Amino acid sequence: MRTLLLLLALLPVAAGDPVTLEVRLDEQSACRTLDDRFYLAFVLRTTIEPASGTPVVVAPDAVVVSRVVVDDVPERPFVGVGLAEGPMDVPEERRATLEPGHTAGRFVTAWLPLSNDPADWPRALLPGSYTVSFEVQVPVVDEGQATAVRVTTPPARVVVPDPSSVQECPFDGEPGRGLLLRKIAP
């Protein structure tokens, strides 16, 4: 299953935040790992740009999906690592200065476990139709300290297939290997 460029969010992260973040759902797919676990994977395309006429320092390759909300269940288990609250340690080599009119971007992924067994709910999604939104974190550096600026996308409708009908994942073991793509725009 593939959904191309469904615009989820294009907004300043919050009033006064130094960046604007565009998030697009680039792909949705379901697959089975070699050890018979099933996952619904999402690939999101993120684009960061300065929100004002001044340069901003960001860490584009540290942008992550930190949380997934499905049908108002506050948080879903998924394989992924969010950024810590408050100041973070972002090494110099991961930082990029964005001048006004320039952008940085990255493909980020999130994946949720699937199941046919109602006993697995809410730890795994059952076949059906759901609304899903993603919290995306962007590390922004100010005076040497990086903090996570967050945006939550508006809900989008997704259809979860029967796990037994999906194909093998294009990776071995845990999701993420083979799915994560990085793209940094000049």
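Residue positions are given per chain, counting from 1 as you read along its sequence in written order. In keeping with the predicted nature of the model, local features appear solely for residues at pLDDT of at least 70, side-chain atom pairs appear and are counted solely at 80 or more, and the whole-chain, interface and lining totals rest on all residues. Water and hydrogen atoms were dropped before computing side-chain values, which therefore reflect all heavy atoms in the structure.

Trainee: Describe the overall build of the chain, listing the residues and the values that go with them.
Mentor: In this text, helices come from DSSP runs of H or I with a minimum length of four residues, and strands from runs of E with a minimum of two, each type numbered from the N-terminal end. Summing up its helical and strand segments, the chain has zero helices and 11 strands in all. Whether two residues touch is decided by their heavy atoms; if any such pair falls within 4.5 Å, the residues are in contact. Put simply, of all contacts in the chain between residues at least 6 apart along the chain, 71% involve residues at least 24 apart. Residue exposure ignores everything except the shown protein chains as possible cover, and the areas themselves are Shrake-Rupley values with a 1.4 Å probe. In the structure as shown, the chain presents an accessible area of about 9200 Å², 53% of it carried by carbon and sulfur atoms.

Trainee: Hey, could you go over the pairing of strand 9 (residues 145-152) for me, with residue numbers and the actual values?
Mentor: For a regular strand, the rule is simple: side chains alternate between the two faces of the sheet. For two strands to count as paired, DSSP must find a minimum of two bridges between them. By the bridge criterion, eight bridges tie strand 8 (residues 128-142) to strand 9 in an arrangement that is antiparallel. Following the sheet pairing, Gln137 is matched in strand 9 by Arg150. Counting the residues between successive antiparallel strands, the hairpin from strand 8 to strand 9 contains two residues, one of them, Glu143, with a positive phi of roughly 55°.

Trainee: Go over the pattern of salt bridges with me, naming the residues and quoting the values.
Mentor: A pair is scored as a salt bridge if a Lys or Arg side-chain nitrogen falls within 4 Å of a carboxyl oxygen belonging to Asp or Glu. In the structure shown here, the tally under the stated rule is six salt bridges. Put simply, Asp61 and Arg94 hold a salt bridge, and the shortest N to O gap is 3.3 Å. Of this pair, Asp61 sits in the loop between strand 4 (56-58) and strand 5 (64-70) while Arg94 sits in the loop between strand 5 and strand 6 (96-98), placing them 33 residues apart in sequence. Here Glu135 and Arg67 are joined by a salt bridge, their closest N and O atoms 3.8 Å apart. Residue Glu135 is located in strand 8, and its partner Arg67 is located in strand 5; the two are separated by 68 residues in the primary sequence. Relative accessible area decides the class of each residue, using a 1.4 Å probe on protein chains only: under 20% of the type maximum gives buried, over 50% gives exposed, and in between gives partly exposed. A residue is classified by how much of its surface remains accessible, and Glu135, at 14% relative accessible area, is buried. Take Arg67: its relative accessible area is 24%, and that puts it in the partly exposed class. One salt-bridge network, in which partners are shared between bridges, spans Arg67, Glu135 and Arg150.

Trainee: Kindly report on the packing of aromatic side chains, identifying the contributing residues and their values.
Mentor: Put simply, two rings from Phe, Tyr or Trp (the six-membered ring, in Trp's case) pair if the centres are within 6.5 Å, and we call them stacked under 30 degrees between planes, edge-to-face over 60, tilted for the rest. Within this structure, the stated rule accounts for one aromatic pair. Residues Phe42 and Phe134 carry aromatic rings whose centres are separated by 5.1 Å and whose planes lie at 70° to one another, so their mutual orientation is edge-to-face. Linking Phe42 in strand 3 (residues 38-50) with Phe134 in strand 8, this pair joins segments that are 92 residues apart in sequence. With respect to burial, Phe42 and Phe134 carry one shared label: buried.

Trainee: Can you explain the nonpolar core? Please cite residues and give values.
Mentor: By nonpolar core is meant a set of buried Ala, Val, Leu, Ile, Met, Phe, Trp, Tyr and Cys residues that side-chain atoms within 4.5 Å join together. Membership of the largest hydrophobic core comes to 34 residues, with the highest contact counts inside it found for Leu44, Ile48, Val65, Val68, Leu125, Phe134 and Val136. For this core, the secondary structure elements donating two or more residues are strand 2 (19-32), strand 3, strand 4, strand 5, strand 7 (104-114), strand 8, strand 9 and strand 10 (156-160). Sort the elements by how many residues they give to this core and strand 8 lands first, with six residues. Those residues in contact with Val136 that lie beyond four places of it in its chain are Leu21, Val23, Leu44, Thr46, Val63, Val64, Val65, Val149, Arg150 and Val151. The next biggest cluster of nonpolar side chains, apart from the first, holds seven residues, and it includes Ala59, Ala62, Val90 and Val141.

Trainee: Could you give me a rundown of the environment of Val57, with the residues and numbers involved?
Mentor: Relative to the assigned elements, Val57 resides in strand 4. When the C-alpha atoms of Val57 and Arg95 are compared, they prove to be 6.5 Å apart, with 38 residues separating the residues in sequence.

Trainee: Please give an account of the pairing of strand 3 that cites residues and values.
Mentor: Note: strand 2 against strand 3, 13 bridges, orientation antiparallel. Across the sheet, the residue bridging to Val19 is Pro50, located in strand 3. Counting the residues that bridge the hairpin from strand 2 to strand 3 gives five residues, and of these Asp36 lies at a positive phi of roughly 65°. Bridge count between strand 3 and strand 7: 11 bridges; the pairing is antiparallel.

Trainee: So what's going on with the confidence of the model for the chain? Which residues, and what values?
Mentor: Scored from 0 to 100, pLDDT records how confident the predictor is in each individual residue. A residue-level look at the chain finds 74% of positions with pLDDT of 70 or above and a mean pLDDT of 75. By mean pLDDT, strand 1 (residues 6-12) is the weakest element of the chain at 45, and strand 4 is the strongest at 92. Within the model, pLDDT remains below 50 along residues 77-84, and this stretch shows 29 contacts once partners closer than five positions in the same chain are excluded. Per-residue pLDDT stays below 50 along residues 176-186; that stretch engages in 28 contacts with residues further than four places along the chain or on separate chains.

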